[in-house]
Amino acid sequence: ILVVSYVLWGISVLPAFEILTILMLRLALHQLPSKELAITSWLALGPIATGALALLVLGAQAPQVLATVDMQSLGMFCQQAGIMASMLLLGFAVWWLGIAVLTTLKHAKTDLPFNLVWWGDLSIRRINPCSAEFGSTDSCQFYSVYCLCFGGDTGDVMAVGGEQNSARFLPW
């Protein structure tokens, strides 16, 4: 089931990055989107952060699953590769977050109209579980604080690591 999960990750995340490549090319060749479409830049955060979280979760399970078939070293490799790839994806998500914020601020000066795409700002909540998982992976409080600063709540931190994770990272 682990192999199938990695295949499904590739089927979902890699085409999303093909679309993100087209979006980046559009940003490089043309001007920023019009004010009616400025909020659409937030939508790209969802697949990036969800893909990073999936790699972290799959990597965390790989050592236990592969130990049953005497492939512990491959499990440890999958775990470390998942952490490194997730770190790259989270960095890309933060970069795209900067693009989204700057695009929104540019158009906010000129009465930004309401659009159903405003629901796209919920994509920032996809970064929070990934940050909480990083916090439980390497015992670094930075990621949990980052999670709380970007609209996360204790549920985001507790959903990943349970009560022991929230007790370790949250003072209350």
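Residues numbered from 1 in each chain as written. Predicted model: local features only at pLDDT ≥ 70, side-chain atom pairs only at ≥ 80, totals over all residues. Heavy atoms only, no water.

Here we look at the overall build of the protein chain
Of regular secondary structure, the protein chain possesses six helices and zero strands. Reading the secondary structure of the protein chain in the N-to-C direction produces α-α-α-α-α-α. Evaluated residue by residue, the protein chain yields a buried proportion of 38% over its 172 residues. Nonlocal contacts in the protein chain, meaning residues at least 24 apart in sequence, comprise 78% of its contacts between residues at least 6 apart. Summed over all atoms, the accessible surface of the protein chain reaches about 9800 Å², with 71% contributed by carbon and sulfur. (Helix = DSSP H or I, 4+ residues; strand = E, 2+ residues; numbered from the N terminus. Buried < 20%, exposed > 50% of the residue type's maximum accessible area, 1.4 Å probe, protein only. Contact = heavy atoms within 4.5 Å. Areas by Shrake-Rupley, 256 points an atom, 1.4 Å probe, with all protein chains shown as cover.)

Comments concerning the environment of Gly75
Mapped onto the fold, Gly75 is located in helix 3 (residues 72-108). Using a relative accessible area of 0% as the deciding quantity, one classes Gly75 as buried. Setting aside residues up to four positions removed in sequence, Gly75 forms contacts with Ala62, Pro63 and Leu66.

As for the confidence of the model for the protein chain
Looking at the protein chain, the pLDDT average stands at 78 and 70% of residues meet or exceed 70. Looking at the elements of the protein chain, mean pLDDT is at its lowest for helix 6 (residues 154-169), recorded as 44, and at its highest for helix 1 (residues 2-29), recorded as 91. Across residues 156-172, confidence stays below pLDDT 50; counting only partners more than four residues off in sequence or on other chains, it has 33 contacts. (pLDDT = per-residue confidence, 0-100.)

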